[in-house]
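Each chain, letter by letter, is given below.
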Amino acid sequence: MLLPSMAQTNKQSAIANLLQAGGLIAILLSPASTIAVLSAPESADKASSTDLDTTGDDSLWSRYNYAGRRALIKADYKRAEILFKLALIEAQKNSKDERPLAATLNNIAELRRFQGKYKEAEQLYKESLAIKTKLLGEDSLTVANSLNNLAVVYTEMANYAEAEKLYKRSLSIREKLLGKDDLNIASSLVNLGAFYDYQGKYAESEAMYKRALAIRENILGDGSADVANVLQNLGLLAEHQDKLDSAETLLKKALAIDEKILGVDHPQTARIQAGLADVYIRQGKLDLADTLLKRALITHQHSLTFKHPDVASDLVKIAELDEKRGNNKDAERVLKNAVSIRKELLGPNHPDTSRATQAYADVLRKLGRNKEAKNLESALPRAMK
C-alpha cells in the first residue's frame, strides 16, 4: 500500500511543475463547445467529481474544480487544464484541510491520463492517494476510487501485476462497503474485465463484463454511455475470440448509443468507430473500414493532439488497411509515424510499441528492405522474437 508520507515528499515539486507548465490566463466559465470523453477500458470514477466530501462548499476552489470537471467530461482539455490549475492554487491556500488538494491532484491526474501522459498521471494519482489514505484510512470508498484510477494507468503502462493487485483491492473495498450491485462495483468489474481480456483470459473477462452490464442496465437503463462502454468492450472481446459477427453487432449497438448521447465527434465515439473498423478489415469490408478510420483519426487528432496513444492506434489500423489493399508504401509511412508516437509516449519496450514495430518490420520486408526490417526486429524485447 502507498504510504501517506509520499505526499509530503513529492508534493511541492509536483505542484510547482504543474503551475510552471503553461501560463494561467483569463477564462470564461461558460459551457464548452466540445463534448465528453469516457476513456476505454473505463472512465475514471464518476465519484471523483465529488472525490472527497465537500458538500455545501461554495468556495472559489469548488467552483473552479466543478467547472474543470465539467470541461473534463467534455473533451475540452485545454480549458480543464486552466481550471484545475486555478483550483490547485486555491487548494494550496487552505493548509488546514487537504481534501481539496487531494481532489484536485486526482482530477489533474485524470486529465493527464486522458492526454496519454501516463507517468505524470501515475505520480499525481499516488500523491492524491497518499493524502486520502492519511485522512480517511485504507478502507474508504475514496481510497478505493484512487486505487481503481491508478490501476487503469498501470494497465495503460503495461504494468499488469501492479494493476491487477490494485483492481482487486479496490473491488474488495467497494464490495465490502457497497454490496454487490452498485455503479462503483460495475466500474471495477469493467476494468478487471479489460485487464483479463489483455491477458487472454477471455472467460474471466466475459464474466466481469456481463455482471457489470447487468448492474448498469438495471440502474441506468440500456441507452447510457456507460452501458455503451461495456457493449464496446464485449464487442472487442468477441473480436479477440474471432467471433466477428457478434463483435460487429455489439460494436454497432455501442456506436449508436454514443453517437446519440456523446455525439459523432467525441473521442469515445471515435474509439468505437476504430474498433468496428478493425472488425470490418477482418471481414474484408475495406471501404466501410476506411470511412470509419478516417473519421476516428480526425476526431482523435482534433481532440487529443497528433501525438496520443489513440492516434497511434488509429494509424496502426490504417496501415493494416493499406496492406490489405496492397499499398505497402503508404503502410510503411503510416507505421513509421505510429512507432514514433508509441516510443515517445509509451517507451520502446511497451507491448503496443513492440507490436507496431513488428508490423513496421513486416511491411519493410514486403518492400524488399530486409536489412532495415532485421535491424528493427533485433531491438524488440525477447518476448516478441
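Calculation notes
- Going along each chain's sequence as written, the residues are numbered from 1 onward.
- For a predicted model such as this one, the threshold for reporting local features is a pLDDT of at least 70, and the threshold for listing and counting side-chain atom pairs is 80 or more; totals across whole chains, interfaces and linings nevertheless cover every residue.
- Water and hydrogen atoms play no part in the side-chain values, which are based on all heavy atoms of the structure.
- Each helix corresponds to a stretch of at least 4 residues labelled H or I by DSSP, and each strand to a stretch of at least 2 residues labelled E; elements are numbered beginning at the N terminus.
- Contact definition: two residues touch when any of their heavy atoms are within 4.5 Å.
- Here the Shrake-Rupley method, with its probe set to 1.4 Å, supplies the accessible areas, and only the displayed protein chains count as covering residues.
- Only protein atoms enter the calculation, which uses a 1 Å grid: trapped sets of points that fit a 1.4 Å probe without letting it out are cavities, open sets showing protein on both sides within 12 Å along at least five of seven lines are pockets, and any residue with an atom within 4 Å of a point is a lining residue.
- Grid points are joined across faces, edges and corners, and a volume is the space filled by probe spheres set on the points.
- All residues other than Ala, Val, Leu, Ile, Met, Phe, Trp, Tyr, Cys, Pro, Asp, Glu, Lys and Arg, Gly among them, are scored as polar; the first ten of these are nonpolar and the last four charged.
- Take the buried residues of types Ala, Val, Leu, Ile, Met, Phe, Trp, Tyr and Cys, join any two whose side-chain atoms come within 4.5 Å, and each joined set is a nonpolar core.
- Buried means the residue's accessible area, taken with a 1.4 Å probe over protein chains only, is under 20% of the maximum for its type, while exposed means over 50%, and partly exposed covers the values in between.
- A helix is expected to span 1.5 Å multiplied by its residue count minus one.
- Exposure above 30% relative accessible area and the lack of any salt bridge qualify a residue for a patch; like charges then connect within 9 Å, and the nonpolar side chains Val, Leu, Ile, Met, Phe, Trp and Tyr within 5 Å.
- Within this document, salt bridges are pairs made up of a side-chain nitrogen of Lys or Arg and a carboxyl oxygen of Asp or Glu, the two lying within 4 Å of each other.
- To get an axis, fit a line to the C-alpha atoms, keeping to the stretch in contact for a helix; angles then go from 0 to 180 degrees between the N-to-C directions.
- Roughly parallel covers angles under 35 degrees, roughly antiparallel covers those over 145, roughly perpendicular covers 65 to 115, and oblique covers all other angles.
- Take the far helix as your reference; a near helix turned counterclockwise from it by less than a right angle gives a left-handed crossing, and one turned clockwise gives a right-handed crossing.
- Looking at any residue, its pLDDT shows the predictor's confidence there, from 0 to 100.
- Identification of polar contacts relies on pairs of N or O atoms within 3.5 Å, with a donor-acceptor requirement for protein atoms, meaning one able to donate a hydrogen and the other able to accept it, and with residues adjacent in sequence counted only if both atoms are side-chain atoms.

1. Quick look at the overall build of the protein
Secondary structure assignment for the protein yields 17 helices and zero strands. Within the protein, contacts between residues at least 6 apart in sequence are counted, and of these 65% link residues at least 24 apart. Accessible surface, the protein: about 17000 Å² in total, of which carbon and sulfur atoms supply 52%.

2. With respect to the layout of surface pockets
Volume-wise, the largest pocket comes out at about 1500 Å³. Forming the boundary of the largest pocket are 44 residues, of which Tyr 198, Ser 313, Lys 317, Arg 342 and Asp 352 lie nearest the centre. Here the lining of the largest pocket gets nine residues from one element, more than from any other, and that element is helix α14 (residues 309–324). Per-class residue counts for the lining of the largest pocket are 18 nonpolar, 10 polar and 16 charged.

3. Comments concerning the nonpolar core
The nonpolar side chains of a soluble globular protein tend to be buried, and buried together. Formed by 101 residues in total, the largest nonpolar core has its most connected members in Leu 72, Tyr 167, Leu 189, Tyr 209, Leu 293 and Leu 315. Sort the elements by how many residues they give to this core and helix α3 (residues 77–92) lands first, with nine residues.

4. Side note on the environment of Ala 277
Note on placement: Ala 277 falls in helix α12 (residues 267–283). The sequence separation of Ala 277 and Ile 318 amounts to 41 residues, and the corresponding C-alpha distance is 9.3 Å. The residues touching Ala 277, leaving out its near neighbours within four places in the chain, are Ala 289, Leu 292 and Leu 293.

5. Here's the deal with helix α9 (residues 202–220)
In a regular helix each residue adds 1.5 Å, so 19 residues correspond to 27 Å; α9 covers 26 Å between its end C-alpha atoms and thus fits that length. Here the buried face of α9 lies against α8 (183–198) and α10 (225–240). Just past α9, the residue Gly 221 takes up positive phi, approximately 85°.

6. Things to note about a nonpolar patch on the surface
Taken together, the side chains of Leu 183, Ile 219 and Leu 220 present a nonpolar region at the surface, about 220 Å² in accessible area. On the basis of relative accessibility, which here comes to 43%, the residue Ile 219 falls in the partly exposed class.

7. Focus on the packing of α12 against α14
Direction vectors running N to C along α12 and α14 enclose 20°, while the axes themselves pass 11 Å from each other. As far as their axial angle goes, α14 and α12 are roughly parallel. You can see that α12 and α14 cross each other, and the crossing is left-handed. Across the interface between the two elements, Arg 271, Ala 274, Asp 278 and Ile 281 of α12 pack against Asp 310, Asp 314, Lys 317, Glu 320, Leu 321 and Lys 324 of α14. Its residues assigned to classes, the contact of α12 with α14 shows three nonpolar, no polar and seven charged.

8. Things to note about the pattern of salt bridges
As enumerated under the stated definition, the model contains 33 salt bridges in all. Two residues, Glu 81 and Lys 85, come together in a salt bridge whose shortest N-O distance is 3.2 Å. Note that Glu 81 and Lys 85 are positioned in helix α3 at a spacing of four residues, about one turn of the helix. Overall, Glu 81 belongs to the buried group, its relative accessible area being 16%.

9. Some words on the confidence of the model for the protein
Residues at a pLDDT of 70 or more form 84% of the protein, whose mean pLDDT is 84. Per-residue pLDDT, averaged within each element of the protein, yields its smallest value for helix α1 (residues 5–20) (44) and its largest for helix α11 (residues 244–261) (97). Below pLDDT 50 for its whole length, residues 1–51 participates in 137 contacts with residues either more than four positions away or in separate chains.

10. Concerning the environment of Leu 189
In this fold, Leu 189 is placed in helix α8. The sequence separation of Leu 189 and Leu 171 amounts to 18 residues, and the corresponding C-alpha distance is 7.7 Å.

11. Points about the packing of helix α2 (residues 60–72) against helix α4 (residues 99–114)
Packing of α2 against α4 brings their axes to within 11 Å, and their N-to-C directions diverge by 20°. Between α2 and α4, the interaxial angle falls into the category roughly parallel. As for the relative orientation of α2 and α4, their crossing is left-handed in sense. Of the residues in α4, those in contact with Trp 61, Asn 65, Arg 69 and Leu 72 of α2 are Pro 100, Ala 103, Thr 104, Asn 107, Glu 110, Leu 111 and Phe 114. A breakdown of the residues in the contact of α2 with α4 according to their chemical character gives six nonpolar, three polar and two charged.

12. Some remarks on the side chain of Thr 357
Tracing the backbone shows Thr 357 in helix α16 (residues 351–366). Here the side chain of Thr 357 touches Thr 353 through a polar contact of 2.8 Å, landing on its backbone oxygen. Other than its neighbours up to four places away in sequence, Thr 357 contacts Val 339, Leu 376 and Leu 380.

13. Some points on α10
Look at α10: 23 Å from first C-alpha to last across 16 residues, which is about the 22 Å you get at 1.5 Å a residue. Once α10 finishes, Asp 242 follows within two positions and takes phi at roughly 65°, a positive value.

14. Details of unusual backbone geometry
In the Ramachandran plot, Ala 158 falls in the positive-phi region, its phi being about 65° despite a non-glycine side chain. Relative to the helices and strands, Ala 158 resides in the loop between α6 (141–156) and α7 (160–178). Taking relative accessible area as the criterion, Ala 158 reaches 22% and is therefore assigned partly exposed. A positive phi angle, close to 80°, is found at Thr 305, a residue other than glycine. With respect to the secondary-structure elements, Thr 305 resides in the loop between α13 (286–304) and α14. For Thr 305, a relative accessible area of 45% corresponds to the partly exposed category.

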